[in-house]
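Understanding the architecture of this molecule
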Amino acid sequence: MRKWASAVFFCVMMFAFGGTVLGATQEKGIYLGLHDKMLPFAKGEAFIVNGQAVAPMAKLNKALYVKQSFNQVDGTYTLEKHGKKLIFNASTKEASFNGKKTTPAIIYMKNNEMYIGVRWVADHFGLKTDYLSAHQTVRIYSPQGAKLSNEEFIQANQSFFHPKAPKPNPNPPSKKPIAYVTFDDGPSVYSASILNTLAAHKAKATFFYIEPNVRKYSTSAKKAAKDGHYLGLHSVTHQVNRLYRSPQSFMSEMNQTQQTVKQVTGQSSVLIRAPYGSKPYLKQPYRNAMAQKGYRLWDWDVDSLDWKHSPSTKNQILQNVKAGVQQQKKRGDQNVVILMHEKKATAEILPAILDYLKKEGYDLQAYNPSAHVTQNFWKDGRL
Ligand SMILES: [Zn+2]
C-alpha cells in the first residue's frame, strides 16, 4: 500500500515539474492597453509566462505613471503612485504595500532584464486588468480612466491591430533607365519592317514625320499610331533655305505637319525635331514662337550616324549606338534619346540595336508628353 502511494506521488511530481519547466520556456507575446488606448509595447516585449502577464519593469512603470527607485543598501525596489508605496526584494520576492506585507512579487528575469507581473503592479495601485484573448491584449484600466467597454476598446484601436498597408502606387516610376529610339524622315518604304521589329521586341519608339510622307505612306503612319508609338513633327520641305527662312516659315511647316498627322492618324503631336538639329538654326525668335504655341523640341544625345551607312556597313551603326550609350552611362544620364532614320541599313540592324539596349537594362519607350524630358541643344527648359 505504502509502496503504491509513493509511486503515484512520484508520477504527479514528474508531471507537475515537467509542466513548470515547459511553462518557463514558453512565452506568449501580448499587447498592453491602458484605459482606452494601446500602449507602445511591441508584441513579445510583454508576454505571458507561467500563467502571468509580465512586462519590462521600467517601461511598464513609466507607462502607468508609477515612480520606481532602488535602494542599494537593502536591495529593495520601491514603486510609488499617489503616495502609495509598493516595496519588494527582487531575490526573496517578499513585498509590502503601505508598510503591510502583501503577496510576493511576480518577477521574471530575461536577458538580465527584470520583468514584473502586470496584474501584480496594477492590483496594488487600484487598476483593473482584463485579458482580451482574441486580441492577445491585457487591458489595464480604472473605471474613472476608461470610457469604453472592452468591445468598444477593441473597435477604437483597430488601427493598432490592423495597421493600414501603404497604398501601392498605381504607376510606380520605372527604375530602369529609358532609351528613346527615334526615327526621322518617315514614314517610308522601310516603316513596315521597322514597326515589325519594334513589335517583336515589345519596344515603343518615336517617329518624326515629314508631311508629304505622311500622305504617301498613310498606312504605315496609321499603324505606327495604332501600335502606340509617338508621331513627332519634322517639317514639310526639310530644306534649310525654306524651313529656316524665318520663324514664321518654320512654324507654318510644323503647323501643317501637325495638322496632317492629326488628320491621318488621329494623334495630336506637340513634339518637334528640327531637321539637321536645332543648332544653329533655332535661334531665340524661333524658340519663342514654338514655346508660345506649346510645342516641344527634341534633339538627341546619341547619334547613330546611320545616314552614312548602306547595308554593307550597317554594323557600324550598331557600334556608334553602343559607343554613344556607353558615353551617356559614364555621364550618369539615365535617359538616352537615340537618333536614327528610316533607312534600309537601319531597318536591317535595328534588331541588334534593340537587343543591345535591352541587354544594357533600358526600357524602350516612346516619347511621353506627360513625362516630358528636356532634350534640346539650347537647353531651353520651355521646350
Ligand atoms: Zn531629317
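Cut-offs and rules
- Residues numbered from 1 in each chain as written.
- Predicted model: local features only at pLDDT ≥ 70, side-chain atom pairs only at ≥ 80, totals over all residues.
- Heavy atoms only, no water.
- Phe/Tyr/Trp six-rings, centres within 6.5 Å; stacked < 30°, edge-to-face > 60°.
- Helix = DSSP H or I, 4+ residues; strand = E, 2+ residues; numbered from the N terminus.
- Buried < 20%, exposed > 50% of the residue type's maximum accessible area, 1.4 Å probe, protein only.
- Donors = N, O, S within 2.8 Å, 3.2 Å for Na, K, Ca; no water.
- 1 Å grid on protein atoms, 1.4 Å probe; cavity = no way out; pocket = protein on both sides within 12 Å on 5 of 7 lines; lining within 4 Å.
- Points joined across faces, edges and corners; volume = space filled by probe spheres on them.
- Nonpolar A, V, L, I, M, F, W, Y, C, P; charged D, E, K, R; others polar.
- Salt bridge = Lys/Arg side-chain N within 4 Å of Asp/Glu carboxyl O.
- Pairing = 2+ DSSP bridges.
- Axes fitted to C-alpha atoms, helices over the stretch in contact; angles between N-to-C directions.
- Domains from an automatic or database assignment.

Details of the packing of aromatic side chains
Any aromatic ring pair is given by two values, namely how distant the centres are and how the planes are angled relative to each other. For the structure shown, the criterion picks out 20 aromatic pairs. Look at Phe-47 and Tyr-108: their rings are 5.6 Å apart centre to centre, the planes differ by 80°, and that puts the pair in the edge-to-face class. Linking Phe-47 in strand β3 (residues 46-49) with Tyr-108 in strand β10 (residues 107-110), this pair joins segments that are 61 residues apart in sequence. Of the two residues examined, Phe-47 and Tyr-108, each falls in the buried class. With a centroid separation of 5.4 Å and an interplanar angle of 80°, the aromatic rings of Phe-160 and Phe-161 are classed as edge-to-face. Owing to a relative accessible area of 30%, Phe-160 belongs among the partly exposed residues under this scheme. Here a set of aromatic residues connected by ring pairs shows up, and it is made of Phe-70, Tyr-77, Phe-88 and Trp-120.

Some details on the coordination of the zinc ion
Bound to the zinc ion are the protein donor atoms Asp-185 (OD), His-234 (NE2) and His-238 (NE2), situated 2.1 to 2.2 Å from the metal. His-238 gets classed as buried once you look at its relative accessible area, which sits at 18%.

A short note on the layout of surface pockets
The probe, sized like a water molecule, is rolled over the atoms to show the empty space still left. As a volume, the largest pocket reaches approximately 240 Å³. Lining the largest pocket are 13 residues, with Gly-51, Gln-52, Ala-53, Arg-119 and Thr-129 positioned closest to its centre. For the lining of the largest pocket, the elements supplying multiple residues, two or more each, are β4 (52-56), α3 (118-124) and β12 (128-132). It is α3 that contributes the most residues to the lining of the largest pocket, four residues altogether. For the lining of the largest pocket, the residue count by class is seven nonpolar, three polar and three charged.

Quick word on the pattern of salt bridges
Under the criterion given, the structure shown has 13 salt bridges. Across the pair Lys-176 and Asp-363 runs a salt bridge whose closest N-O atoms are separated by 3.8 Å. Highlighted residues: Lys-176 in the loop between α5 (158-161) and β14 (178-186) and Asp-363 in strand β21 (residues 363-364), separated in sequence by 187 residues. Put simply, Arg-287, Asp-380 and Arg-382 are held in one network by salt bridges that share partners.

Structural notes on the sheet that holds strand β8 (residues 95-97)
Consider a sheet: its strands pair through backbone hydrogen bonds, and that pairing is either parallel or antiparallel. Strand order in the open sheet formed by five strands is β5-β6-β7-β8-β9, and the pairing between neighbours is antiparallel. The open sheet terminates on both sides in strands that have one partner only, identified here as β5 (67-71) and β9 (100-102). Direction aside, neighbouring strands of the sheet carry axes that sit 25° apart on average. Across three bridges, strand β7 (residues 84-89) lies against β8 in antiparallel orientation. If you follow Ile-87 over to β8, its bridge partner there is Ser-96.

Remarks on the domain arrangement of the protein chain
Domain boundaries assigned for the protein chain yield domain 1 (28-142) and domain 2 (178-371). Centre-to-centre, using C-alpha coordinates, domain 1 lies 73 Å away from domain 2.

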